[in-house]
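Here is what each chain is made of, one letter per residue.
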Amino acid sequence: MLWGPLRERSSSYGGALSEVYRKNATQLSVVWLIYPVVFAVGPEGLGIISGATSVWAILILDIIAKVVYGFTAGERLKKAEPELSKREERRLA
């Protein structure tokens with residue numbers, strides 16, 4: 001969904017809005033791809049890292065995926081706000 005239909009729709013907006021979507025999708029994808037790596041090297045998988053290290057890694061990933069993402073996504077959207085407002089004005093006119 002992120003890199004298929006939703007990306008195509010955001011591309012149709014162009015400019016800053018498309019860029020905001022791309023950056024947000026990239027950030028989420030990178031963080032989400034790290035989760036299975038942690039499980040693979042943790043006690044659930046290969047056992048390369050300890051259970052405590054695995055828990056800490058998941059904790060840090062959760063904070064990045066939720067809190068940090070929320071703040072950065074909001075800031076990116078604020079920067080694109082003027083373009084979004086213009087687009088909405090044209091739609092309502």
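The structure we're discussing is the one just above.
Since this is a predicted model, take the numbers as computed values, not measurements. (Residues numbered from 1 in each chain as written. Predicted model: local features only at pLDDT ≥ 70, side-chain atom pairs only at ≥ 80, totals over all residues. Heavy atoms only, no water.)

A.B. asks: It is not clear to me how the overall build of the protein should be interpreted in this structure. Could you clarify?
C.D. replies: Secondary structure assignment for the protein yields three helices and zero strands. The secondary structure elements of the protein, listed N-terminal to C-terminal, are α-α-α. Against the 2.2 N^0.38 benchmark of 12 Å for 93 residues, the protein shows a C-alpha radius of gyration of 18 Å, more extended than a compact globule. When the backbone C-alpha atoms are referred to their principal axes, the protein occupies close to 60 × 25 × 15 Å. Residue burial in the protein is summarised as follows: out of 93 residues, 23% are buried. For the protein, restricting intrachain contacts to residue pairs at least 6 apart in sequence, the fraction spanning at least 24 positions comes to 53%. Of the roughly 6,500 Å² that the protein leaves accessible, carbon and sulfur atoms contribute 68%. Side chains of the protein carry 12 positive and 9 negative charges; the gap between the two charge centres is 4 Å. (Helix = DSSP H or I, 4+ residues; strand = E, 2+ residues; numbered from the N terminus. Rg over C-alpha atoms; globule rule 2.2 N^0.38 Å. Buried < 20%, exposed > 50% of the residue type's maximum accessible area, 1.4 Å probe, protein only. Contact = heavy atoms within 4.5 Å. Areas by Shrake-Rupley, 256 points an atom, 1.4 Å probe, with all protein chains shown as cover. Lys, Arg positive; Asp, Glu negative; His and termini not counted. Charge placed at Lys NZ, Arg CZ, Asp CG, Glu CD.)

A.B. asks: How should I be thinking about the pattern of salt bridges in this particular structure?
C.D. replies: Close approach of charged atoms lets side chains of opposite charge pair. This structure, assessed with the given rule, holds three salt bridges. A salt bridge links Glu75 to Lys78, with the nearest nitrogen and oxygen atoms 3.3 Å apart. You can see Glu75 and its partner Lys78 sitting in helix 3 (residues 51–92), three residues apart, about one turn around the helix. (Salt bridge = Lys/Arg side-chain N within 4 Å of Asp/Glu carboxyl O.)

A.B. asks: Help me understand the layout of surface pockets, please; the structure alone is not making it clear to me.
C.D. replies: Estimated volume of the largest pocket: approximately 260 Å³. What lines the largest pocket is simply Ser10, Tyr13, Leu17, Val20, Tyr21, Asn24, Ala73, Leu77, Leu84, Arg87, Glu88 and Arg91. Within the residue set of the lining of the largest pocket, elements represented by two or more residues are helix 1 (5–13), helix 2 (15–41) and helix 3. Split into classes, the residues belonging to the lining of the largest pocket amount to seven nonpolar, two polar and three charged. (1 Å grid on protein atoms, 1.4 Å probe; cavity = no way out; pocket = protein on both sides within 12 Å on 5 of 7 lines; lining within 4 Å. Points joined across faces, edges and corners; volume = space filled by probe spheres on them. Nonpolar A, V, L, I, M, F, W, Y, C, P; charged D, E, K, R; others polar.)

A.B. asks: Even after reading the chapter, I still don't get the packing of helix 1 against helix 2, so can you show me in this structure?
C.D. replies: At a minimum axis distance of 6 Å, the contact between helix 1 and helix 2 shows a crossing angle of 155 degrees. Judged by the inter-axis angle, helix 1 sits roughly antiparallel to helix 2. The segment helix 1 lies against helix 2, with Leu6, Arg7, Ser10, Ser11 and Tyr13 engaging Gly15, Leu17, Ser18 and Tyr21. Looking at the contact of helix 1 with helix 2 residue by residue, the class counts come to four nonpolar, four polar and one charged. (Axes fitted to C-alpha atoms, helices over the stretch in contact; angles between N-to-C directions. Parallel < 35°, antiparallel > 145°, perpendicular 65-115°, else oblique.)

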